[in-house]
Amino acid sequence: KKNDDLIEFAKQAFRVDDLDLLQLKQAQEDFEAALARYAGQRVTDMRLQGSNNRAIYDYLVELYRSQPWLNVQTTTSMASQQYSTPVPISFVSGLLARVRSTETGYDPTGGNGLLTINGNPQNLILNELEHHRIENLKAMEYGTVHEGDALTIMERGLVLPQQADYVLMNPPFGGKEGKEAQTN
């Protein structure tokens, strides 16, 4: 199975014989956070070695194919509409946004940082609602990590207009308040 190694590692980390759903979800979240930093470093290293975007993309596709599934959904993750962006799609998103490592990036829905792999972690501003993901982002030493609702981050003065050179985000696909709230 695709998750066997992660499950065995998590059992040892939690010191249990069997994982419950929340422990497996935490293990997948922690893996995803580490994957984001690893993939970002590989993108940087491959660029420094002269690899072109196609070679980097192909490497990230193979990395994605070999990683554990990030498929556990809890009541909280379903309600918050938390989904993992596949690493190759994150890379292409950064290319389309013309992300430069010298620029400041902002992700208002930071998750575990997967959309940031094209940028310099120290030049990133990330916002996240979920506490465990916030702790992961801080542990992975991203530049600035904010906690709270992305819809109020500017009014709280945490991110200023024009502070970021680019914005990448994976927004929820529906609204808790209904369709009308999304169009206003």
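Residues numbered from 1 in each chain as written. Predicted model: local features only at pLDDT ≥ 70, side-chain atom pairs only at ≥ 80, totals over all residues. Heavy atoms only, no water.

Novice: Now, about the pattern of salt bridges: what can you tell me, with residues and values included?
Specialist: Taken as a whole and judged by the stated rule, the model has 5 salt bridges. The partner of K25 in a salt bridge is E29, with the nearest N and O atoms 3.0 Å apart. Placement of the pair is K25 and E29 together in helix α2 (residues 21–48), with a separation of 4 residues, close to one helical turn. Of the two residues, K25 and E29, both sit in the buried class. Between E29 and R133 there is a salt bridge whose closest N-O contact spans 2.7 Å. With E29 in helix α2 and R133 in helix α6 (residues 131–139), the pair connects residues that are 104 residues apart, well separated along the chain. For the pair formed by E29 and R133, the shared burial category is buried. Within this structure, K25, E29 and R133 form a network of salt bridges that share partners. (Salt bridge = Lys/Arg side-chain N within 4 Å of Asp/Glu carboxyl O. Helix = DSSP H or I, 4+ residues; strand = E, 2+ residues; numbered from the N terminus. Buried < 20%, exposed > 50% of the residue type's maximum accessible area, 1.4 Å probe, protein only.)

Novice: I'd love a proper account of the packing of helix α3 (residues 53–66) against helix α5 (residues 87–96), names of residues and values included.
Specialist: At their nearest, the axes of α3 and α5 sit 8 Å apart, and the two run at 155° to each other. With respect to α5, the element α3 is oriented roughly antiparallel. Judged by residue contacts, N53, I56, Y57, L60, V61 and Y64 of α3 engage V87, P88, F91, V92 and L95 from α5. Taken together, the residues of the contact of α3 with α5 break down into 10 nonpolar, 1 polar and no charged. (Axes fitted to C-alpha atoms, helices over the stretch in contact; angles between N-to-C directions. Parallel < 35°, antiparallel > 145°, perpendicular 65-115°, else oblique. Contact = heavy atoms within 4.5 Å. Nonpolar A, V, L, I, M, F, W, Y, C, P; charged D, E, K, R; others polar.)

Novice: I'd like a description of the pairing of strand β2 (residues 124–128), backed by residues and values.
Specialist: Among the 5 residues in β2, 5 count as buried, and that is most of the element. Here β2 shows a buried face lined by L124, L126 and E128 and a second buried face lined by I125 and N127. Where strand β1 (residues 105–107) and β2 come together, 3 bridges link them in parallel fashion. The partner of Y106 across the bridge, within β2, is I125. Taken together, β2, α6 and strand β3 (residues 144–147) form a β-α-β motif whose crossover is right-handed. (Pairing = 2+ DSSP bridges. Right-handed = clockwise from strand over helix to strand, strands pointing away.)

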